[in-house]
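# Architecture at a glance
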Amino acid sequence: MLHYLYTYPETIVDGDGIRFSIYLSGCSHRCPGCHNLESWNAKAGYPVTPDIVEQWIDEINRNPLLDGITFSGGDPFYNPQEFLSLLKEISTRTQQNIWCYTGYTHEEIQKDPLRAPLLEYIDVLVDGRFIQELYSPRLEFRGSSNQRIINLKTDTR
């Protein structure tokens, strides 16, 4: 079962505009200098239950100020099959723009039959492991300069 650490109903640091951010638990990358060590444990935080998903969808759909949804963590791609179910439901029922942060590269995801299907529901992928030596506070929406912001969709939902 997926777990989450917290949500931010309105944030401007996790992508363009005002976003509803969901921080999922579980990460195997263990990047030195990670700012979210508690997210490495896949069982940290709270279970993502059907009631929680309904609550998130209701909050998202009632907020006219939102520009989209962001999944972060941990690494949302840690549990790809469970994440696909959540991603598909939230994408379909909210019709919001979706950003997703992952330590995997776009190329790694495309080659992985379990993770590649997730890309269909993501508009913008921020990829790559955090590399402490490449950290810069001046980077917009990224922690280190190796990470890329990749627009996966040419049209908006």
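Structure: see above.
The shown structure was predicted, so the numbers you read here are calculated from the model rather than taken from an experiment.

Cut-offs applied
- Sequence order as written defines the numbering, with residues in each chain counted from 1.
- Whole-chain, interface and lining totals are the exception, using all residues; otherwise, since this is a predicted model, local features are given only for residues with pLDDT of at least 70 and side-chain atom pairs are given and counted only at 80 or more.
- With hydrogens and water stripped out, all remaining heavy atoms of the structure feed into the side-chain values.
- What counts as a ring pair is set by centres within 6.5 Å for rings of Phe, Tyr and Trp (its six-membered ring), and what kind of pair is set by the plane angle: stacked under 30 degrees, edge-to-face over 60, tilted for all other angles.
- Every helix listed is a DSSP run of H or I at least four residues long, and every strand listed is a run of E at least two residues long, numbered separately from the N terminus.
- The cut-offs for exposure are 20% and 50% of the maximum accessible area for each residue type, with area from a 1.4 Å probe on protein chains only; residues under the lower value are buried, those over the upper are exposed, and the others partly exposed.
- Only when DSSP finds a minimum of two bridges between them are two strands counted as paired.
- Salt-bridge detection follows one rule: a side-chain nitrogen of Lys or Arg within 4 Å of a carboxyl oxygen of Asp or Glu.

Applying the stated criterion to the full structure yields nine aromatic pairs. For the ring pair W99 and F141, a centre distance of 5.4 Å and an interplane angle of 75 degrees mean the geometry is edge-to-face. On the criterion of sequence distance, the pair formed by W99 in strand β5 (residues 98–101) and F141 in the loop between β6 (124–127) and β7 (148–151) is long-range, its members being 42 residues apart. Residue classification places F141 among the buried positions, given a relative accessible area of 13%. Through successive ring pairs, a cluster of aromatic residues spans Y4, Y46 and W56.

Right, let's talk about the pairing of strand β1 (residues 3–11) for a bit. Two strands pair when backbone bridges link them, and β1 and strand β3 (residues 46–47) are joined in this way by two bridges, in the antiparallel orientation. What sits directly across from Y4, in β3, is Y46. As paired elements, β1 and strand β2 (residues 19–24) share five bridges and run antiparallel to each other. Note that in β2 the partner of T7 across the bridge is I22.

A full pass over the atoms with the stated rule returns seven salt bridges. Across the pair R148 and E107 runs a salt bridge whose closest N-O atoms are separated by 2.7 Å. Pair noted here: R148 is in strand β7 and E107 is in helix α3 (residues 106–111), with a separation of 41 residues, a long-range link. Overall, the relative accessible area of 33% leaves R148 in the partly exposed class. Within this structure, E54, E89 and R93 form a network of salt bridges that share partners.

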